[in-house]
Every structure is written in structure tokens, then in C-alpha cells.
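Residues per chain, in single letters:
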Amino acid sequence: MFIYSLIKMNEQAYSGGVLKRNYIQFPLQELIDIGYYSRPQSARKGFNDAADILTSLKVKGTMSKGKGKSKKETTVNALEVLFTGANIKNGTCTIFLNERINWGF
């Protein structure tokens, strides 16, 4: 579900190095159509179980740009969760993205 969420984020919320909106959405039925689950009940349970894990994933790190002595280092100084929440309403799954993160990083 993590990779699928990143794919959806790239399609719906992230473009040109900028986060365009703070959520992604897809129909619950899509999880069945792509073969992740076989029934709506299992898709709903699977999404809710995945949401518990997704909302606990955190990021921090360092990125270097340039070569040799001219390398510039960029650091994410704060520890942040990637996803701030998730829900299913009227058969539509929504995952909320943390706006405090530099997603270009």
C-alpha cells in the first residue's frame, strides 16, 4: 500500500517538485480491480490496517548536491510522519499527506 500511495501521490498531488494538495483519493473498488483484494470487506479491512502503518512511517535524512569540495548538504532537521491520516467515506479512500515535509527532498 505504501508504493501504491506514492504512485497515487505522483498522479494526484505532487508535480514539478511541489506538493499541489495534501491528500490522495481512490475508490475502494480500485484495490479489488488491481488485485490487492478479492472482496470489498477485505479491501476495507486491508486499507484500514495499512492506514495504521502508513501513518506511523517517519522521515529524516541528508541529501548532498554537487561534486567534490563543492558539495552542498541539505538536511531535514525535523522528524516527521509522511502521512497524517486516512479514512474511507462513501467507498472512497483518502490518505492525507504531511504538508510540513519537503516532498522534493
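Refer to the structure printed above.
All values derive from a computational prediction rather than experimental measurement.

1. Some remarks on a nonpolar patch on the surface
Together, Phe2, Ile3, Leu6 and Ile7 give the surface a local cluster of nonpolar side chains, amounting to about 330 Å² of exposed area. Position of Ile7 among the secondary structure elements: in helix α1 (residues 2-12).

2. Some details on the nonpolar core
By size, the foremost hydrophobic cluster in this structure holds 19 residues, and its most contacted members are Phe26, Leu31, Phe47, Cys93, Ile95 and Leu97. Listing elements by their share of this core, those giving two or more residues are α1, β3 (23-27), α2 (28-33), α3 (40-54), β6 (83-89) and β7 (92-97). Excluding residues that lie within four positions of it along the chain, Phe47 makes contacts with Met1, Phe26, Leu31, Tyr37, Ala86, Asn87, Ile88, Cys93, Thr94 and Ile95.

3. Side note on α1
Among all positions of α1, only Tyr4, Ser5, Lys8 and Met9 are buried. Projected down its long axis, α1 shows its buried positions confined to an angular sector of 140°, all on one face. Among the exposed residues of α1, those pointing more than 90 degrees away from its buried face are Ile3, Asn10 and Glu11.

4. Focus: the pattern of salt bridges
With the rule as written, the count across this model stands at four salt bridges. With a closest N to O distance of 3.3 Å, Lys8 and Glu11 form a salt bridge. Of this pair, Lys8 and Glu11 both sit in helix α1, three residues apart, roughly one helical turn. Lys8 gets classed as buried once you look at its relative accessible area, which sits at 10%. For Glu11, a relative accessible area of 53% corresponds to the exposed category. Counted as one network, the salt bridges with shared partners bring together Lys8, Glu11 and Glu30.

About the thresholds
Residues numbered from 1 in each chain as written. Predicted model: local features only at pLDDT ≥ 70, side-chain atom pairs only at ≥ 80, totals over all residues. Heavy atoms only, no water. Patch = residues over 30% accessible without salt bridge, like charges linked within 9 Å, V, L, I, M, F, W, Y side chains within 5 Å. Areas by Shrake-Rupley, 256 points an atom, 1.4 Å probe, with all protein chains shown as cover. Salt bridge = Lys/Arg side-chain N within 4 Å of Asp/Glu carboxyl O. Helix = DSSP H or I, 4+ residues; strand = E, 2+ residues; numbered from the N terminus. Core = buried A, V, L, I, M, F, W, Y, C linked by side-chain atoms within 4.5 Å. Buried < 20%, exposed > 50% of the residue type's maximum accessible area, 1.4 Å probe, protein only. Contact = heavy atoms within 4.5 Å. Arc of directions from axis to C-beta.

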